[in-house]
Amino acid sequence: MSARTHPAIALPTLIGHRGYSARAPENTLAAVREAHRAGIQWVEIDVQLLGDGTPVIWHDRDVSRCSNGTARLARLDWESAAQLDAGAWFGKKLEERFGDESGDRFNERFRGERMATLTEMLALLNALEMGVNLELKLNPGHDPMALARRVIPETLATLPAEQRVISSFSRPALDVAREMAPPAELALGALFKRLPRRWQRHCAELQAFSVHLDWRYITRQQLTALRLAGYEVVGYTANHPAAFAPLWQWGISSVISDDPVAFMASA
Ligand code: G3P
Ligand code: MG
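Throughout this document, residue positions are counted from 1 along each chain, in the order its sequence is written. All chains are assigned letters beginning with A, and all ligands numbers beginning with 1, in the order in which they are written. Note on the predicted model: pLDDT of at least 70 is required for a residue's local features to be given, and 80 or more for side-chain atom pairs to be given and counted; whole-chain, interface and lining totals, by contrast, use all residues. Excluding hydrogens and water, the side-chain values take into account all heavy atoms of the structure.

Observations regarding the coordination of the magnesium ion (ligand 2)
This is how it is decided: A donor here means any N, O or S atom no more than 2.8 Å from the metal (3.2 Å for Na, K and Ca); water is not included, so a site may seem to lack partners. When accessible area is computed with a 1.4 Å probe and restricted to protein chains, residues below 20% of their type maximum are described as buried, those above 50% as exposed, and intermediate ones as partly exposed.
The coordination sphere of the magnesium ion (ligand 2), as far as protein atoms go, consists of Glu44 (OE), Asp46 (OD) and Glu135 (OE), spread over 2.0 to 2.2 Å. In primary sequence terms, the donor set of the magnesium ion (ligand 2) follows E-x1-D-x88-E. The same class applies to Glu44 as to Asp46, namely buried.

Here's the deal with the site of ligand 1
Worth spelling out the cut-off: The near set for a molecule or strand comprises every residue that places at least one heavy atom within 4 Å of it. Definition of a polar contact: a pair of N or O atoms within 3.5 Å, with one able to donate and the other able to accept a hydrogen when the atoms are protein atoms, and with sequence-neighbouring residues admitted only if both atoms are side-chain atoms. Only the protein chains shown count as cover for residues, and all accessible areas are computed by the Shrake-Rupley method using a 1.4 Å probe. Three residue categories are used. Nonpolar comprises Ala, Val, Leu, Ile, Met, Phe, Trp, Tyr, Cys and Pro, charged comprises Asp, Glu, Lys and Arg, and polar comprises the others, including Gly.
In the vicinity of ligand 1, the residues found are His17, Arg18, Glu44, Asp46, His59, Glu135, Lys137, Phe169, Leu191 and Tyr236. Interatomic distance of 2.6 Å between a side-chain N/O atom of Glu44 and an oxygen atom of ligand 1. Glu135 places a polar side-chain atom, nitrogen or oxygen, 2.9 Å from an oxygen atom of ligand 1. Burial of ligand 1 by the surrounding chains reaches 89%, relative to a free accessible area of 290 Å². Here the residues of the shell around ligand 1 are counted per class, giving 3 nonpolar, 2 polar and 5 charged.

Let's talk about the packing of helix 6 (residues 144-158) against helix 7 (residues 171-180)
Packed helices, taken two at a time, are described by their axes: the angle between them and the distance between them. We count it as follows: Only the contacting stretch of a helix is used when fitting its axis, a line to C-alpha atoms as for every element, and angles between N-to-C directions run 0 to 180 degrees. Secondary structure is summarised from DSSP: a helix means a run of H or I of at least four residues, a strand means a run of E of at least two, and numbering begins at the N terminus for each. By the definition used in this description, the sense in which the near helix is turned from the far one sets the handedness, with an anticlockwise turn below a right angle giving left-handed and a clockwise turn giving right-handed. Any pair of residues with heavy atoms lying within 4.5 Å of one another is described as a contacting pair.
Across the interface, helix 6 lies against helix 7 with an axial gap of 8 Å and an inter-helix angle of 35°. Between helix 6 and helix 7 lies a crossing of right-handed hand. Residues Pro144, Met145, Ala148, Arg149, Ile152 and Pro153 of helix 6 form the contact with helix 7, whose own contacting residues are Pro172, Ala173, Val176, Ala177 and Met180. Classifying every residue of the contact of helix 6 with helix 7 by side-chain character gives 10 nonpolar, no polar and 1 charged.

This is the structure we're talking about:
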């Protein structure tokens, strides 16, 4: 493994989690536009398949938390998913947080925002010249191979190699992705909660570009070893810049945050 075998990705220090999810409904086109407006160059977003095979940008197994519907993704086709309002819930959340004074503005701001298809999201990222950490999200019962087979070719064909890293907790999904393209064309991120003991073998087999870890469990020793081995290291999902500060000193590459702007002074 050598960084030189991968595309010349200039991974930024700040990556917006599910877009700029502190300021806009997560994983929507609006959340990515919000990140861009704030000067954030890369976003992390989740991709899954609907029941009819349409790849969409969505985190949960169902739509109840982030829309006005309740169905599981596996039971939705695009025609039904496109009817959902995936923005109004966030306006209500902001209204609760910031009170009546700002209420009207927030309440209406994202109303009518739709679930985004992968195709729409890739087009927006291209237009804004943004980079993406696309997470192949496997909720229980979902098929990792079907997801990778559907998502990887379109992503490779649409976004330049310098503007994308594909990550997943699912090893089978990453294995399928790697079979589809060599490291020079496709940067893969090995995603873990905690770094496993066999990380060296896992990352070497994947020919990984980066390792993505829950920032709360990263140790200085791990970070040093990962960086010496040539991997970019990305910490998720951090929202407290002061608590995260030691990781910059230990050599972490990037932070994934719901509010990346809050990290601008410290990164
Ligand atoms: O990719 C980092 C992070 O997004 C993984 O966790 O649950 O927020 O997708 P989750
Ligand atoms: Mg994610």
